[in-house]
Protein chains: 2
Amino acid sequence: MLKEWVKEPRPTDEELGERLEKARTALAARQMMIKEKKLPVLVIMDGWGAAGKGSVLGKVIRNLDPRFFKCETLTAPTDEEKRKPFLYRYFVRIPKEGAIAFFDGSWMGEVTSMYLHDKISEKKYKSHLTSIKRFERQLNDNGYLVVKFFFHIDEKTQRKRLKELESDTYTKWRVTDKDRWQNKHYDKCMNVYDEYIEATNQFVAPWYFIDSSNKKWSELQMTEILIASIDTAIANASTEQKAPLLQNTFPMKEVPKLSEVDLSKTISEEDYKKELDKLQDKLSELHNELYHKKIPVIIAYEGWDAAGKGGNIKRVAGALDPRGYEVHPIASPEPAEKARHYLWRFWNRLPKDGHIAIFDRTWYGRVMVERIEGFCTENDWQRAYNEINEFEKELDDWNAVIIKFWVHIDKDTQLARFTDRQNTPEKQWKITDEDWRNREKWDQYEKAIDEMLAKTSTKFAPWHILESNDKKYARIKALKVIIKAIEDKLEKVKD
Amino acid sequence: MLKEWVKEPRPTDEELGERLEKARTALAARQMMIKEKKLPVLVIMDGWGAAGKGSVLGKVIRNLDPRFFKCETLTAPTDEEKRKPFLYRYFVRIPKEGAIAFFDGSWMGEVTSMYLHDKISEKKYKSHLTSIKRFERQLNDNGYLVVKFFFHIDEKTQRKRLKELESDTYTKWRVTDKDRWQNKHYDKCMNVYDEYIEATNQFVAPWYFIDSSNKKWSELQMTEILIASIDTAIANASTEQKAPLLQNTFPMKEVPKLSEVDLSKTISEEDYKKELDKLQDKLSELHNELYHKKIPVIIAYEGWDAAGKGGNIKRVAGALDPRGYEVHPIASPEPAEKARHYLWRFWNRLPKDGHIAIFDRTWYGRVMVERIEGFCTENDWQRAYNEINEFEKELDDWNAVIIKFWVHIDKDTQLARFTDRQNTPEKQWKITDEDWRNREKWDQYEKAIDEMLAKTSTKFAPWHILESNDKKYARIKALKVIIKAIEDKLEKVKD
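This structure is a prediction, so every number in the text was calculated from the model and none was measured.

What am I meant to see in the overall build of chain A here?
When helices and strands are counted, chain A shows 20 helices and 10 strands. Pairs at least 24 residues apart make up 83% of the contacts formed inside chain A by residues separated by at least 6 positions. For chain A, the computed accessible surface area is about 22500 Å², with 48% contributed by carbon and sulfur atoms.

Below, the structure is given as structure tokens:
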């Protein structure tokens, strides 16, 4: 694509000046529209070293209100970032609605550079490309405008510019070894960039090439493309477009319907104590091993109100080294969270590798409470099954152990526990009017949960039902499931 | 203190067991009280290597609900953290109300270790001690319970334990060079720790020593002290205690009263354009130099509604490399922010060194809107002058350039601008009912602002009045003030 690109001829200086003045004013006006329409805009800037991305960005933003945009420089990941999933550092930086984020450098730079310098295998590279395409598509589907620019100069121009920069003590530091390498291997790089662009050029986030032979001309191209893209996005935003519901492409693992679950399972007090001790010791040992092998673990708890999530989590956490895990209680999102992709707040809570994150309620709120209470559109929650599978696939690619629990009880047990909470002063804080209201919607929830279990029980992140009419039985089972999942992962890593 | 400490004799095993069982249950109950009373609790654990902090922490939390506490391991700062003020990584980790944070390792470990290994001067060390005392006092004054533990073992016990750990392949990795060094220089370390503890033992955050000769005994001591501390804090919380209003100890710089400001200053259109170009070019150059010398810059904007803050910020930002600065518009705090020390959200927004952060409204909300609208108590905002000076002193210690602007207009000019906004469709979003309501309180605000300017215009973070009846005059002045402040800092750094 890039190789065959036919540049638009550069306008005369006079024409350029006129168009630029108009475009600058128009872009400033667009910024107010973005704010009003609550459109989040992500602008990606990649390209050749010395193509002038930075200085063009400086010009473009000069007419914008600095309170409503952010610039992020994304070069090599830090050591901290390397301990998170590949997309982490990009996802946590997405803009909120009404704001623009400019990324100087992006996932393109990161993966192509790793690939060019033989730091990742062909297979890993392809897998990253898949992740990137999913990420960009998810942003679009969740209302983001994503505009990707590639700043292009030819080999000769690059060489000339690098030489110029190097010859001046004031600018010398800006030329990196990577830039020199790039120029020396221009054709090789060109091939990789071209293929990358071809592979990631999507309707939801198309590529735009910028002829970077001249600064003002670069600025004009970028500004005009931004304006056109924003206009399209704003026009689309008011039509309540639905995004296509994609077919599942992940391997699934069977999970029963809730009505088929045998809730009569129990454990004796004596066996419980014995097993609990034994399993907690085992888990404690495994935690140590995970820490050494830098394997992250994500444990997600969902379940009926009063099903015993809290006590279950406590027995798991009790076995862990407190310096190596964190429990995240998930309530309704805060304003800054609501103003972004609904998975943003979960990306933000991912642990470092070697650590364990336990979520007390999770991203599955999207297909349960948000679906039932109408907090999102039908298209939103229907799309979410696949979006969530993709999210968990990222965790899997990061080599995480992913364990998802549905803590299950029947309706009568819930009533008994609610009544007990109501009548016991120390437990009253645990029961609210909302719990009673949710209980009235039991059947609606059951339908939603069955659909959720069926559509998101993937082989890499399967659901496990914890039969919790007997809470002790459920705790022992949880520990067993977690131990098994960790052992399986450790076995796999050994190979 | 530590040297002369007389240990409580260890109880018999039987007595220990009984007390421990009681204490564990009692601590679990306290956790619910903390939650109900919205008390934030910070528990600091320092001590000798191999004193068993980690495993005692593991025991202590075993009976707690993992959803309402967090453990943080704070060893050496990361490269990212080193680019922030010294207290940054601690401040951003303080718990929210109703939760407990356990810090395994703290600022004590960090500063004593730097000092022992000659990585900081005596002077810097003392300055850190001052910062630490202020930090702990501020936490207390803002409703935090801070409990500090030092886990103590004697030189022989440490040597024995290190040997044991080293002899087992499974635990060998836990012994660090630092531990070995510490044991070899036990007496030297003891002297430094002892002095540190003496210097930082405050009513608002007292030290507690834990005789760590035995695990269960350690756990009992820590648990019982925690319970007693929580009980005291909860009892105090319901008495609406006021914290003492401390005298100012910072060098001040004079600043006029608002009524004395000459608002008739103007600049011609021609001079404005000329100056603007020249000053922006100059600032752009300086930004580059700051980046290289890793000097951070904090620019704080406060001012009347419609005084022209937005346009002023735009002219400053327009001169900067977009990759090296960020503008933070400050609105009312989000729930997670409101649940913590009011300065937390500003600590969270501090730039890396070499970068510039521009705040559009600031931490001074505490002594303006929060004071006038009654969003905090009288004691809260009265205390805030000193708390804010201390905050800015931390920024100064970090070698930041700190510039604070009051963008000033008179009442008539505000009315004219409000009316213009109301009557111009594209500007209507800029004016709200709240603006009109605030205007009615002009005199109250003026009094509060005069007090604020007088009490927080320190030599290291002085206020600058921008006469903004003529917005262009104010923009030029802002640029000049910023350039001067940066040049002064660069001059100082050179020495």
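I tried to follow the layout of surface pockets on my own but got confused; where do I start?
Rolled over the atoms, a probe with the dimensions of a water molecule shows which regions are left empty. All names here are of chain A. Of the pockets and cavities examined, the second largest pocket occupies roughly 410 Å³. Lys459, Phe460, Pro462, Ala485 and Asp488 are the residues nearest the centre of the second largest pocket, which is lined by 17 residues in total. Elements that contribute at least two residues to the lining of the second largest pocket include exactly β9 (401–408) and α20 (471–494). Looking at which element gives the most residues to the lining of the second largest pocket, the answer is α20, with six residues. By residue class, the composition of the lining of the second largest pocket is nine nonpolar, one polar and seven charged.

Please explain the relation of the copies chain A and chain B as it appears in this structure.
Two copies of a chain can be linked by a rotation about an axis combined with a shift along that same axis. For these two chains of identical sequence, chain A goes onto chain B by a turn of 180° and a shift of 0.0 Å along the axis, with RMSD 0.0 Å. The two molecules are tied by a two-fold rotation axis, judged by turn and shift. Considering only C-alpha atoms, the part of chain A nearest the rotation axis is A:Glu334, at 3.5 Å. Mapped onto chain B, 100% of the interface residues of chain A again fall at the interface, so both copies present the same surface.

What should I look at first to understand helix α2 (residues 53–60) of chain B in this one?
An α-helical turn contains 3.6 residues, so a residue and the one three or four places further along point in the same direction. Residue and element names in this part refer to chain B. Among the eight residues of α2, six are classified as buried, and the element is accordingly described as predominantly covered. Residues Lys53, Gly54, Val56, Leu57, Gly58 and Val60 constitute the buried set of α2. Close packing links the buried residues of α2 with α1 (13–37), β1 (41–47), β2 (69–73), β3 (100–104), β4 (145–152) and α10 (215–237).

I would appreciate a short explanation of the confidence of the model for chain A in the present structure.
Detailed reading of the predicted coordinates is not advisable wherever pLDDT falls low. Put simply, chain A has an average pLDDT of 94, and 100% of its residues get 70 or more. Scored as a complex, the prediction yields pTM 0.84 and ipTM 0.71.

Explain the environment of B:Glu8 here, please?
All names here are of chain B. Inspection of the secondary structure assignment puts Glu8 in the segment before α1. With relative accessibility at 46%, the residue Glu8 sits in the partly exposed group. Spatially, the C-alpha atoms of Glu8 and Asn288 are 60 Å apart, while their sequence positions differ by 280 residues. With residues near it in sequence (within four places) discarded, Glu8 still touches Arg19 and Trp217.

Just checking my understanding: could you explain the nonpolar core for this structure?
In a soluble, globular protein the nonpolar side chains are often hidden away together inside. Judged by nonpolar contacts, the single largest core of 302 residues is most densely connected at A:Phe102, A:Met222, B:Phe102 and B:Met222. Looking at which element gives the most residues to this core, the answer is α20(A), with 10 residues.

I keep staring at a positive patch on the surface and nothing clicks. Help me out?
Residues and elements named next belong to chain A. Together, Lys59, Arg62, Arg174, Lys215 and Lys216 make up a region of like positive charge exposed at the surface. By the secondary structure assignment, Arg62 is in the loop between α2 (53–60) and β2 (69–73). Residue classification places Arg62 among the partly exposed residues on the basis of a relative accessible area of 33%.

Looking at this model, I keep getting lost on the pairing of β1(B). Mind explaining?
The side chains of a regular strand alternate, first on one face of the sheet and then on the other. Residue and element names in this part refer to chain B. Burial analysis of β1 places six of its seven residues in the buried class, the great majority of the element. Where β1 meets β3, five bridges bridge the pair, whose relative direction is parallel. The residue bridging Ile44 from the neighbouring strand is Phe103, located in β3. In the sheet, β1 pairs with β4 via seven bridges, with the strands oriented parallel. Bridge assignment links Val41 to a residue of β4, and that residue is Leu145.

Would you take a moment to explain the packing of aromatic side chains for this structure?
How two aromatic rings sit relative to each other is given by the distance of their centres and the angle of their planes. Throughout the structure, instances matching the rule amount to 62 aromatic pairs over all chains. Taking the centre distance of 4.8 Å and the plane angle of 15° together, the rings of A:Phe91 and A:Trp347 count as stacked. Highlighted residues: A:Phe91 in helix α4 (residues 88–91) and A:Trp347 in helix α14 (residues 344–347), separated in sequence by 256 residues. Residues B:Trp48 and B:Phe150 carry aromatic rings whose centres are separated by 6.4 Å and whose planes lie at 80° to one another, so their mutual orientation is edge-to-face. Note that B:Trp48 is positioned in the loop between β1 and α2 and B:Phe150 in strand β4, a separation of 102 residues in sequence. In terms of burial, B:Trp48 and B:Phe150 fall into one category: buried. The ring centre of A:Trp381 lies 3.9 Å from the NZ or CZ of A:Arg371, which sits over that ring.

Rules of the game
- Residues numbered from 1 in each chain as written.
- Chains lettered and ligands numbered in written order.
- Predicted model: local features only at pLDDT ≥ 70, side-chain atom pairs only at ≥ 80, totals over all residues.
- Heavy atoms only, no water.
- Helix = DSSP H or I, 4+ residues; strand = E, 2+ residues; numbered from the N terminus.
- Contact = heavy atoms within 4.5 Å.
- Areas by Shrake-Rupley, 256 points an atom, 1.4 Å probe, with all protein chains shown as cover.
- 1 Å grid on protein atoms, 1.4 Å probe; cavity = no way out; pocket = protein on both sides within 12 Å on 5 of 7 lines; lining within 4 Å.
- Points joined across faces, edges and corners; volume = space filled by probe spheres on them.
- Nonpolar A, V, L, I, M, F, W, Y, C, P; charged D, E, K, R; others polar.
- Least-squares fit on C-alpha atoms with pLDDT ≥ 70 in both.
- Buried < 20%, exposed > 50% of the residue type's maximum accessible area, 1.4 Å probe, protein only.
- pLDDT = per-residue confidence, 0-100.
- Core = buried A, V, L, I, M, F, W, Y, C linked by side-chain atoms within 4.5 Å.
- Patch = residues over 30% accessible without salt bridge, like charges linked within 9 Å, V, L, I, M, F, W, Y side chains within 5 Å.
- Salt bridge = Lys/Arg side-chain N within 4 Å of Asp/Glu carboxyl O.
- Lys, Arg positive; Asp, Glu negative; His and termini not counted.
- Charge placed at Lys NZ, Arg CZ, Asp CG, Glu CD.
- Pairing = 2+ DSSP bridges.
- Phe/Tyr/Trp six-rings, centres within 6.5 Å; stacked < 30°, edge-to-face > 60°.
- Lys NZ or Arg CZ within 6 Å of the ring centre and 35° of its normal.

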